[in-house]
Amino acid sequence: MSTSSQALVLAEPARMAPDRGRAGREAVVAGTSPVAASAPPRLRVRDFVVTAFLRWRLLLALFLLPILLAAGLGALREARYTASGSVVVLTTREWAGAADISGFGPSVMQVDMLKAVRSEVEIVQSQEVARRMLARVGTRTLFPDLEGAGTPQESFTALERVRAALRVESDANSNILRLSFTHTDRQLAIAALTALLDSYYERRTEIFTDRNSRVLVGELTRYADQLRELEGQIQAVKSRYNVLDINQEVQLTAQRLDGITQRQERVQEQRATAMAQLAAAQAQLASQPGRVFASQEATNLAPNDDSRNTLSRLLLERQHMATQYAPDYAPLRELDQRIATVRSAMRDSQRSTFQTTREVRNPAVELLNGRVVTLQVETSALQQQLDELQRQGRTAEGRANELREADSQLRDLNRRREGMEAVVRQFTAREAGARAEEEARRDPAPNVQTLEAPNAPLTGRSGRVVFLLGGISAGLLLLGAGVLLLTITRRVFATAEEAERGLMLPALARFGPLESAARDLKPMPEMADFAAYLLDTRVDGRRPSIIQILSSGRRDGRDELARALAIELAHRRGADTLLIDLQTDGRGHLAALGSRPLEVERTPGHVLTFNTVIPNLWVSFDAQNSHLTDPQAGWSETSALIAQLRAAFDVVIIIGADDDESYPMRRLAAMVDLNLIAVRGELTRSDRARRVRDWTLGSGGDLLGFVYTGERRIVPRRVAELL
């Protein structure tokens, strides 16, 4: 390479189809392997803390807004005075739970006392007591701001305001009522509560002053007459249905019906069996013949034919004579003639065949006739028995229907009698007790007494402290909700740890602002470590020579990162380095490195490069129009161009274009040796970065990790150590 500005002309590309692995392939750098892409993890406490320090101004405004609002509302409230007093509730004969003079009532228990206290509370809070209190004090005196004097609406509004200002408290372990009335005027609050107590005493005296004995006597007489009438109706029903004990009669009738039903089922089963046997016997009888075959004999021998025996004797005799005489002996020839004659006779007799057949009377016919007659008699008897059982069943069912009707009537009458007896007993006891209580009430002792007279403190309460505490609580809730909402809706990576968890990729390097370092050409220790890391990386057993920095969004700092990395590799490592910018034409990099593009002849589709003031550092010009980003170029042209770049330079750094999802960029990601993602702190969106990761891995490219730029300390060191 010469030191003057010149163009690099690449030769005709050759067809290459290297095997590109994904993030799961081995890419060993000091024992590190890439992490497979997956869904982002759940939120952590550190994420909320980062959001709080990142958006502290907005969160502070959310916290202070309800506090200021509560302070303003508290300043507008008037001082209010609460008059308070107490009343003790005693147990006397006015309550049913108290032990009365008649001795019929039970002793007072705790649950009865609680009921009495609760009843007193309801009387105090009733509308009638409130109306009498307003009549004593004066509606306009107590509430001068009401509108519509003398109208029903005014009365209703006044009652509602009295109920809102009045408060009655009772303790479950005590029989003391604590009453309080709140008003803006201290004297009116005391006067209103005093009038309320007077109205309450007056109203409860009216409620508990009554005479019940005469009413109870009349009711007792009426119910006693009804009870006697019910007794007469019960006796009439028993006589009509001839019943002494209805339960016993029902049980006996049910048992009889059950026995008849069981007997009917057994008889029906027997009758069905007999009819089936009769039908089978009749069918068998009809199919039986009158006479049956006994035996049969067949032979070809005539009766009294002894030819075979004669022939056997003659043969034995000839055999005996043949052993003793000569063949021409006359008796021997005679014997042969006799044998021939016998054999001729046997041949004649064998031509005839004799057969004998014997038949007898069928014995099954008589047996089946007897069985049919027996089954006919049995079927007739079973039918008569079944008819008798049905008659008995109808009689029993009629009796059961009568008993059901009687039981229904008696059950209803007995239930009414039991209820009437209970009512009569209760009225008898209550009538005696009421008569004794009325006698005792002629000298009554009140069961409600004032324990503490109404009074109010000299200083009122405005509720400003309560409003302020409520504003602080609301501010804390709004602050927590704001932190939660901002953390959930935040789509940018604020720290490198968030980027690692969100992308499931390792952070290869972290850099602060790179603009000054890339512009002033200052050395950076972090960049030196990053360059050494890349040079020590091995992909498919060799060091990567073509590295692409992918775009994760605008202003992600990949141009400054790539320029600073190229300066580090060329100036301090002495490697022939080429910087290819696919997002711009490269004029900015040439100007920053003291060079400019020249008018030279260019081969279409190839990369035009110019050297810079830094030795061994070259920068491309108008690389956007090369085969690297040309969709009309094929795989062979692009791979050949990359092979020429790999042969001409030690390291080629490619700045990815913003149009990262186009097919040429996917193809380029699969052809380069190594891909990196540039992530800018607080600017790079998580969904955009994950989309770049996914299409890079989907295209078959080697994705080592990402580089985090624009890093700054968001959480203080001491706070970060606690997380």
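Residues numbered from 1 in each chain as written. Predicted model: local features only at pLDDT ≥ 70, side-chain atom pairs only at ≥ 80, totals over all residues. Heavy atoms only, no water.

Undergrad: Account for the overall build of the protein chain, naming residues and giving values.
TA: When helices and strands are counted, the protein chain shows 22 helices and 14 strands. When burial is assessed residue by residue, the protein chain has 39% of its 723 residues classed as buried. A separation of at least 24 residues holds for 81% of the contacts in the protein chain among residues at least 6 apart in sequence. Total accessible area computed for the protein chain in this model is approximately 40,600 Å², and 52% of it derives from carbon and sulfur atoms. (Helix = DSSP H or I, 4+ residues; strand = E, 2+ residues; numbered from the N terminus. Buried < 20%, exposed > 50% of the residue type's maximum accessible area, 1.4 Å probe, protein only. Contact = heavy atoms within 4.5 Å. Areas by Shrake-Rupley, 256 points an atom, 1.4 Å probe, with all protein chains shown as cover.)

Undergrad: Kindly report on unusual backbone geometry, identifying the contributing residues and their values.
TA: The phi torsion of most residues other than glycine is negative, and most of the peptide bonds are trans. Of note in this structure, Asn616 is not a glycine but carries a positive phi near 70 degrees. Tracing the backbone through its elements, the reader meets Asn616 in the loop between strand E10 (608–611) and strand E11 (617–621). The backbone of Asp622 shows a phi angle near 55 degrees, a positive value even though the residue is not glycine.

Undergrad: Can you tell me about the packing of aromatic side chains, naming the residues and giving the values?
TA: In this structure the tally under the stated criterion is five aromatic pairs. With 4.3 Å between their ring centres and 5 degrees between their planes, Tyr325 and Tyr329 make a pair best called stacked. Its relative accessible area of 38% is what places Tyr325 among the partly exposed residues. The interplanar angle of 70 degrees and the centroid separation of 6.3 Å between the aromatic rings of Phe610 and Phe621 together place this pair among those described as edge-to-face. Of this pair, Phe610 sits in strand E10 while Phe621 sits in strand E11, placing them 11 residues apart in sequence. Grouping residues by exposure puts Phe610 and Phe621 together as buried. (Phe/Tyr/Trp six-rings, centres within 6.5 Å; stacked < 30°, edge-to-face > 60°.)

Undergrad: Account for the pattern of salt bridges, naming residues and giving values.
TA: Here the idea is simple: oppositely charged side chains can pair when their charged atoms come close. All told, the structure shown has 21 salt bridges when counted by the stated rule. Between Arg136 and Glu202 there is a salt bridge, and its shortest N-O distance comes to 2.8 Å. With a gap of 66 residues between them, Arg136 in helix H4 (residues 127–137) and Glu202 in helix H7 (residues 186–208) connect regions that are remote in the sequence. The salt bridge involving Glu388 is made with Arg391; its shortest N-O contact spans 2.4 Å. Residue Glu388 and its partner Arg391 are both found in helix H12 (residues 363–440); the two are separated by three residues, about one turn of the helix. Three or more residues joined by partner-sharing salt bridges are found here, namely Glu128, Arg131, Arg132, Arg136 and Glu202. (Salt bridge = Lys/Arg side-chain N within 4 Å of Asp/Glu carboxyl O.)

Undergrad: Outline the sheet that holds strand E1 (residues 81–89), listing residues and values.
TA: Strand order in the open sheet formed by four strands is E2-E3-E1-E6, with antiparallel pairing between adjacent strands. Of all the strands in the sheet, the pair left with one neighbour each is strand E2 (166–170) and strand E6 (448–455). Here the average twist between neighbouring strands, direction ignored, is 20 degrees. Of the strand pairs in this sheet, E1 and E6 are connected by five bridges, and their pairing is antiparallel. Looking across to E6, one finds that Val89 is bridged to Val448. Across the face of the sheet, helix H6 (residues 152–165) comes into contact with E2 and strand E3 (176–183) while running at roughly 40 degrees to E2. (Pairing = 2+ DSSP bridges. Axes fitted to C-alpha atoms, helices over the stretch in contact; angles between N-to-C directions.)

Undergrad: Run through the nonpolar core, naming residues and quoting values.
TA: In terms of nonpolar packing, the biggest core is built from 38 residues, with Phe511, Met527, Phe530, Leu565, Ile653 and Leu676 touching the most fellow members. The element best represented in this core is helix H17 (residues 558–572), accounting for eight residues. When sequence neighbours within four positions are dropped, the list of residues in contact with Leu565 reads Met527, Phe530, Ala531, Leu534 and Ile653. (Core = buried A, V, L, I, M, F, W, Y, C linked by side-chain atoms within 4.5 Å.)

Undergrad: Please set out H4 residue by residue, giving values where relevant.
TA: Among all positions in H4, only Val129, Ala130, Arg132, Met133, Leu134 and Val137 are buried. Downstream of H4 by one or two residues, Gly138 has phi in the positive range, about 110 degrees.

Undergrad: Describe a nonpolar patch on the surface, and please don't skip the residues or the numbers.
TA: Judged by side-chain polarity, Val465, Leu468, Leu469, Ile472 and Leu476 come together as a nonpolar surface patch covering roughly 440 Å² of accessible area. Here Leu469 lies in helix H13 (residues 464–489). Accessibility expressed as a relative area gives 52% for Leu469, which makes it exposed. (Patch = residues over 30% accessible without salt bridge, like charges linked within 9 Å, V, L, I, M, F, W, Y side chains within 5 Å.)

Undergrad: Go over the sheet that holds E11 with me, naming the residues and quoting the values.
TA: Across the sheet, eight strands lie side by side as E7-E14-E13-E8-E12-E9-E11-E10; this open sheet has mixed pairing. At either end of the open sheet lies a strand with only one pairing partner, and these are strand E7 (507–510) and E10. The mean inter-strand angle of the sheet, taken between neighbouring strand axes irrespective of direction, is 25 degrees. Pairing between E7 and strand E14 (residues 703–709): three bridges, direction parallel. Following the sheet pairing, Ala507 is matched in E14 by Phe706.

Undergrad: How would you explain the side chain of Thr82 if you had to name every residue and give the values?
TA: As for its position among the elements, Thr82 is in strand E1. On the accessibility criterion, Thr82 (18% relative accessible area) is buried. Among the polar contacts listed, one links the side chain of Thr82 to the side chain of Thr182, at a separation of 3.2 Å. (Polar contact = N/O pair within 3.5 Å; in protein donor to acceptor, adjacent residues only side chain to side chain.)

Undergrad: Tell me about the environment of Leu389, and name the residues and values.
TA: Tracing the backbone shows Leu389 in helix H12. In this structure the C-alpha to C-alpha distance between Leu389 and Arg263, which are 126 residues apart in sequence, comes to 7.6 Å. Filtering out sequence-adjacent residues up to four positions away, Leu389 remains in contact with Ile260, Arg263, Gln264 and Val267.

Undergrad: Any chance you could break down the confidence of the model for the protein chain for me, citing the residues and the numbers?
TA: The pLDDT averaged across the protein chain works out to 77; a share of 81% of its residues lies at or above 70. Per-element confidence in the protein chain is highest for strand E12 (residues 651–655), whose mean pLDDT is 91, and lowest for helix H15 (residues 515–520), whose mean pLDDT is 58. Confidence drops under a pLDDT of 50 for residues 1–38, and excluding neighbours within four residues, the segment shows 101 contacts in the predicted structure. A low-confidence stretch, residues 96–111 (pLDDT under 50), is modelled with 30 contacts involving residues beyond four sequence positions or located in other chains. (pLDDT = per-residue confidence, 0-100.)

Undergrad: Summarise the pairing of E10; cite the residues concerned and give the values.
TA: Burial along E10 is two-sided: Leu608 and Phe610 facing one way and Thr609 and Asn611 facing the other are all buried. Pairing between E10 and E11: four bridges, direction antiparallel. In the sheet register, Phe610 faces E11, and the bridge partner there is Val619. In this structure, the hairpin formed by E10 and E11 is closed by a connection of five residues, where Asn616 is found at a positive phi of approximately 70 degrees.

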